[in-house]
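Chain residues, written in single-letter form:
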Amino acid sequence: MATRPQRIAILTSGGDAPGMNAAIRASTLIARAAGVEVLGIERGWRGLLEDAFVPLATPDVQGILREGGTILGSARCKEFHEREVRDRARAILRDRGVEGLVVIGGNGSLAGAQALADPAEAGERPPLVVGVPASIDNDLGLTGLAIGVDTAMNTIVEACDKIADTATAHDRTFIIEVMGRDCGYLAMTSAIAAGADLALFPEAGRDQASVVESIVDTVIAVRARPRKSRRVIVVKAEGVQVPVEQLKTAVDARLRERVPDADPAAIETRVTVLGHVVRGGRPSAFDRLLGSRLANVAVRALVAGQSHKMAAWMPAVELPEEVGTRSPYDPYCWLVDLGAALVETENLLRGRSPLARWRAGVFEDIEDALLL
Ligand code: F6P
């Protein structure tokens, strides 16, 4: 029989994502409605090691869902990979009487939760853990979306639309770099939504020469079109391992070779790196809703005494029952095994999952058509 926790804590860890506050708010409200005491942990795993607990009650979370970032703060904490550091974390949780933990974050944060609650190292009565996927990169397996992706995509599309205005006015080529360390999802989806001419993402596995050639092919094809449609927007994921300035220099040199009659100043590319702009800002309505719904499902499982679970938004694959079940609390959400989600995340990042192959394949199929 599962033991229901009396006191739980919530933390946000790793790269912040718009919508995390909605998840903190919903976690607090759902747990308190179930009669469970709630604490917040500031600055993720690092804050846990520093015993940085704060009480969380309804007034603390009122109105926070419209704020970007996370009211609890976040941090990256490499030490959490070490067993003795996790022993310390478990001892602090025991001293505080915290029996369950809601971990809102990405791959590294959820892997930390899995290790913290591993019965092989935690002994009897390990802390109960549930994960809420949050990462603007959408680089987590077994969930169709993570918190923050929608807002980040909207930010990128807005920036591309603005850049497209000046690009169109000058018939220019822009390379716009967006976040996505290991995963090109943001570059792919925002390229589609912004009507870009080319998307560059790490899953394609292209070397520099091939990336340069595809940009140059696109520029030449677009420049053959009537005026007013000669601008080129290339969305490049950060995970494509060619620094943008180096890419610009190589593309400009190749353009001079392949279009010797053009005025070099007129065909020279421009570069914009959106960087951390992509991760900030007020969460979209969808991210507020997604954060609330995923937290609802995760926390209901936790207060019922479940552990090693992750709430998921419509996994894009069929799941066998031992991997995940549809949540009885939300027909769009699933409760999946946390370990299985981490394995599938690894597959996604290594390009081994059918989903990663499908995503890359779609772009291969349409790339030639875009040049017509
Ligand atoms: O949150 C993931 C991510 O946005 C990656 O796309 C990016 O490479 C990384 O965070 C940047 O992290 P930091 O803010 O720690 O430099």
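Structure shown above.
What comes next concerns the included structure.

Here's the deal with the sheet that holds strand β9 (residues 270–273)
Part 1: Taken in spatial order, the four strands of this open sheet run β7-β8-β6-β9, and their pairing is parallel. Of all strands in the sheet, those with a lone pairing partner are β7 (198–200) and β9, marking the two edges. Strand-to-strand twist across the sheet, computed as the mean angle between neighbouring axes with direction ignored, equals 20°.
Part 2: When strand β6 (residues 173–178) meets strand β8 (residues 232–237), the two strands line up parallel, connected through six bridges.

Points about the pattern of salt bridges
Part 1: What the rule picks out here adds up to 26 salt bridges.
Part 2: Salt-bridge contacts for Glu 121 lead to Arg 86; the nearest nitrogen and oxygen are separated by 2.8 Å. Taken together, the residues Glu 121 in helix α6 (residues 119–122) and Arg 86 in helix α4 (residues 83–95) connect sequence positions 35 residues apart.
Part 3: Classification of Arg 86 by relative accessible area gives buried; the value is 9%.
Part 4: Between Glu 257 and Arg 254 there is a salt bridge; the shortest N-O distance is 2.6 Å. On the criterion of helical spacing, the pair formed by Glu 257 and Arg 254 is a turn pair, its members being three residues apart in helix α10 (residues 244–258).

Examining the nonpolar core
Part 1: Core analysis: the biggest nonpolar cluster contains 102 residues, and Trp 45, Phe 53, Leu 101, Val 102, Ile 104 and Ile 233 have the highest contact counts within it.
Part 2: The residues that make up this core include at least three from each of domain 1 (7–148 + 283–353) and domain 2 (153–279).
Part 3: In contact with Phe 53, other than residues within four places in its own chain, are Ala 9, Leu 39, Gly 40, Ile 41, Leu 48, Ile 92, Leu 93, Arg 96 and Val 98.
Part 4: Counting residues in hydrophobic clusters, the runner-up holds 18 residues, among them Ile 175, Val 212, Ile 215 and Val 240.

Comments concerning the packing of helix α9 (residues 208–223) against α10
Part 1: Running from amino to carboxyl end, α9 crosses α10 at an angle of 55°, the nearest separation of the two axes being 9 Å. Judged by the angle between their axes, α9 and α10 are oblique. Read as a crossing pair, α9 and α10 show a hand that is right-handed. In this structure, α9 contributes Gln 208, Val 211, Val 212, Glu 213, Ile 215, Val 216, Asp 217, Val 219 and Ile 220 to the contact, and α10 contributes Gln 246, Leu 247, Ala 250, Val 251, Arg 254, Leu 255 and Arg 258.
Part 2: Here the contact of α9 with α10 is built from residues that sort into ten nonpolar, two polar and four charged.

Quick look at α4
Part 1: Between its first and last C-alpha, α4 extends 18 Å over 13 residues, near the 18 Å set by a 1.5 Å rise per residue.
Part 2: Residues of α4 that are buried include every one of Val 85, Arg 86, Ala 89, Arg 90, Ile 92 and Leu 93, and no others. The buried residues of α4 occupy one face: seen down the axis, they fall within an arc of 160°. Those residues of α4 that are exposed and angled more than 90 degrees off the buried face are Glu 84, Arg 94 and Asp 95.
Part 3: Each element contacted by the buried residues of α4 is listed here: α2 (44–49), β3 (53–55), β4 (100–105), α5 (107–116) and α6.

Observations concerning unusual backbone geometry
Part 1: The residue His 308 is not glycine, and still its phi comes out positive at about 55°.
Part 2: Note on placement: His 308 falls in the loop between α12 (285–303) and β10 (309–313).
Part 3: Backbone geometry places Met 314, a non-glycine residue, at a positive phi of 35°.
Part 4: Under the relative-accessibility criterion, Met 314 is labelled partly exposed at 37%.

Cut-offs and rules
- Residues numbered from 1 in each chain as written.
- Predicted model: local features only at pLDDT ≥ 70, side-chain atom pairs only at ≥ 80, totals over all residues.
- Heavy atoms only, no water.
- Pairing = 2+ DSSP bridges.
- Helix = DSSP H or I, 4+ residues; strand = E, 2+ residues; numbered from the N terminus.
- Axes fitted to C-alpha atoms, helices over the stretch in contact; angles between N-to-C directions.
- Salt bridge = Lys/Arg side-chain N within 4 Å of Asp/Glu carboxyl O.
- Buried < 20%, exposed > 50% of the residue type's maximum accessible area, 1.4 Å probe, protein only.
- Core = buried A, V, L, I, M, F, W, Y, C linked by side-chain atoms within 4.5 Å.
- Domains from an automatic or database assignment.
- Contact = heavy atoms within 4.5 Å.
- Parallel < 35°, antiparallel > 145°, perpendicular 65-115°, else oblique.
- Left-handed = near helix turned anticlockwise from the far one by under 90°.
- Nonpolar A, V, L, I, M, F, W, Y, C, P; charged D, E, K, R; others polar.
- Expected span 1.5 Å × (residues − 1).
- Arc of directions from axis to C-beta.

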